[in-house]
2 protein chains.
Amino acid sequence: MQASTSPAGRPRSDLNADVFAATLRSVHEFGYAGATMDRIAVAAGVAKTTLYRRWPSKGALITACLVDVFGPAPVVSEDREELLTTAIRWGAAKIAEAGVGAAFAGVFTDAVSDPGLREILSTELQAPYLRVLQYALGESEQRVRFVIDVIIGTLLHRMGISGEPMAEDDVEALIAMVLGVFR
Amino acid sequence: MQASTSPAGRPRSDLNADVFAATLRSVHEFGYAGATMDRIAVAAGVAKTTLYRRWPSKGALITACLVDVFGPAPVVSEDREELLTTAIRWGAAKIAEAGVGAAFAGVFTDAVSDPGLREILSTELQAPYLRVLQYALGESEQRVRFVIDVIIGTLLHRMGISGEPMAEDDVEALIAMVLGVFR
DNA sequence: TTAATTACGCTACTTCCGGTAGCGTAATCG
DNA sequence: CGATTACGCTACCGGAAGTAGCGTAATTAA
């Protein structure tokens, strides 16, 4: 392949970080629908057309933000209980600290009526984590999917739709509940 | 008050049922965003302006559909375990049979950036059930809200966003999980 | 230096959708 | 019959996603 033989032409400016920050700020402040592409562009100090040169749609841009926030799945343990505990704490903390609950929930809802976005969301954001969990849990796919839906569903409903952070107690309660499934 | 002294003027046609059916069909088929007011109006054989005469917004219309589907909260028991069990089974069945998962999730997401809709949603759809549960569970408000968020979040994430029905097994697993919280 | 190439900003535009205005007409009550 | 309210219809407004095309900036290859 040898892809990095610096292509001819003007290189892309280093503005992804600014765009991601502006996007998440906008979503946090105005909600998913209220965070318009025009507004994001202005907030990032970038032309709207530039956004569309890099990401095919608003949903794709916000998904890219989420991928940027969460980064690679942290495989912290081979032990099932420890893995689940850490994963849930990690997910809740990430969502809360970055304030991406609304962004998350909005993208999911958009994806219902947008197959292209569903594809992006699935491959870029969900698949890596699913693979890690399914491998580590070593359970039937149905069981794993159920657990994932409980975790994601609960976190999103609380922090995305209700917009409130999740108390320590509640995170621990969620962990205890999920661990109970495997007993 | 004496409200029912038949007012002068042409009475409203009996078309709520048709509109609700057309709305839910549209949302089920095209997703929340894809179910446009024009489409709903055509599907129901009604003028779009008539929709806006009866419901102030798309979100309000869909909320009305949900209220119509769910009806009054069934207070089936004073026993905590029995109440939760029945409530979860009832909710899952209602959502599945009416195919209102996407509608539900869409309204919630819309409400994030629409205070008016949030108000409608809260008073007309959520409040009655919350009151029943909080009374019956007799727990701290935090505990009750946590349980509700787990139940609603899980059901919506599975049946609204993923769009898949929930298997018997999973409903029972959810019930077992929730009951475990109170031990 | 120059030509080719790619990225960016800008303005203007199209399309679609939620929601509104206003008119003519239909149905009901007194 | 008149007053009143509901409905259908057409036309429209405003906003937001996404696109087209131009001039210009930054880089590489010759």
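Before reading further, recall that the structure is shown in the block above.
Summarised in this report is the structure supplied together with it.

Conventions we followed
- Residues numbered from 1 in each chain as written.
- Chains lettered and ligands numbered in written order.
- Predicted model: local features only at pLDDT ≥ 70, side-chain atom pairs only at ≥ 80, totals over all residues.
- Heavy atoms only, no water.
- Helix = DSSP H or I, 4+ residues; strand = E, 2+ residues; numbered from the N terminus.
- Polar contact = N/O pair within 3.5 Å; in protein donor to acceptor, adjacent residues only side chain to side chain.
- Contact = heavy atoms within 4.5 Å.
- Buried < 20%, exposed > 50% of the residue type's maximum accessible area, 1.4 Å probe, protein only.
- Buried area = accessible area lost by both parts, 1.4 Å probe.
- Salt bridge = Lys/Arg side-chain N within 4 Å of Asp/Glu carboxyl O.
- Nonpolar A, V, L, I, M, F, W, Y, C, P; charged D, E, K, R; others polar.

**Points about the side chain of arginine 158 of chain A**
Here is step 1 of the chain: Relative to the assigned elements, arginine 158 of chain A resides in helix 8 (residues 141–161).
Here is step 2 of the chain: Polar contacts involving the side chain of arginine 158 of chain A include one to the side chain of aspartate 149 of chain B, which spans 2.4 Å.
Here is step 3 of the chain: Not counting residues up to four positions away in its chain, the partners in contact with arginine 158 of chain A are Gly163, Glu164, Pro165, Met166 and Asp170 of chain A together with Arg145, Phe146 and Asp149 of chain B.

**Concerning the environment of arginine 10 of chain A**
Residue and element names in this part refer to chain A.
Here is step 1 of the chain: Here arginine 10 is to be found in the segment before helix 1 (16–34).
Here is step 2 of the chain: With a relative accessible area of 79%, arginine 10 lands in the exposed category.
Here is step 3 of the chain: Arginine 10 sits 63 residues away from alanine 73 along the chain, and the two C-alpha atoms are 34 Å apart.

**With respect to the interface of chain B and chain A**
Here is step 1 of the chain: With 34 residues of chain B in contact, the opposing surface of chain A contributes 33 residues.
Here is step 2 of the chain: Both faces combined, the contact of chain B with chain A buries some 2800 Å², and carbon together with sulfur accounts for 62% of it.
Here is step 3 of the chain: It is Phe146, His157 and Met177 of chain B in chain B that bury the most area against chain A; as a group they hold 23% of the surface buried on that side.
Here is step 4 of the chain: The interface formed by chain B and chain A contains four salt bridges.
Here is step 5 of the chain: Applying the counting rule to chain B against chain A returns seven residue pairs in polar contact (both at pLDDT 80 or more).
Here is step 6 of the chain: Element by element, the count of residues in the side of chain B that touches chain A is highest for helix 8 (residues 141–161) of chain B, at 13 residues.
Here is step 7 of the chain: Residue composition of the side of chain B that touches chain A, by class: 16 nonpolar, eleven polar and seven charged.

Interpretation note: all reported values are geometric properties and have no functional meaning in isolation.
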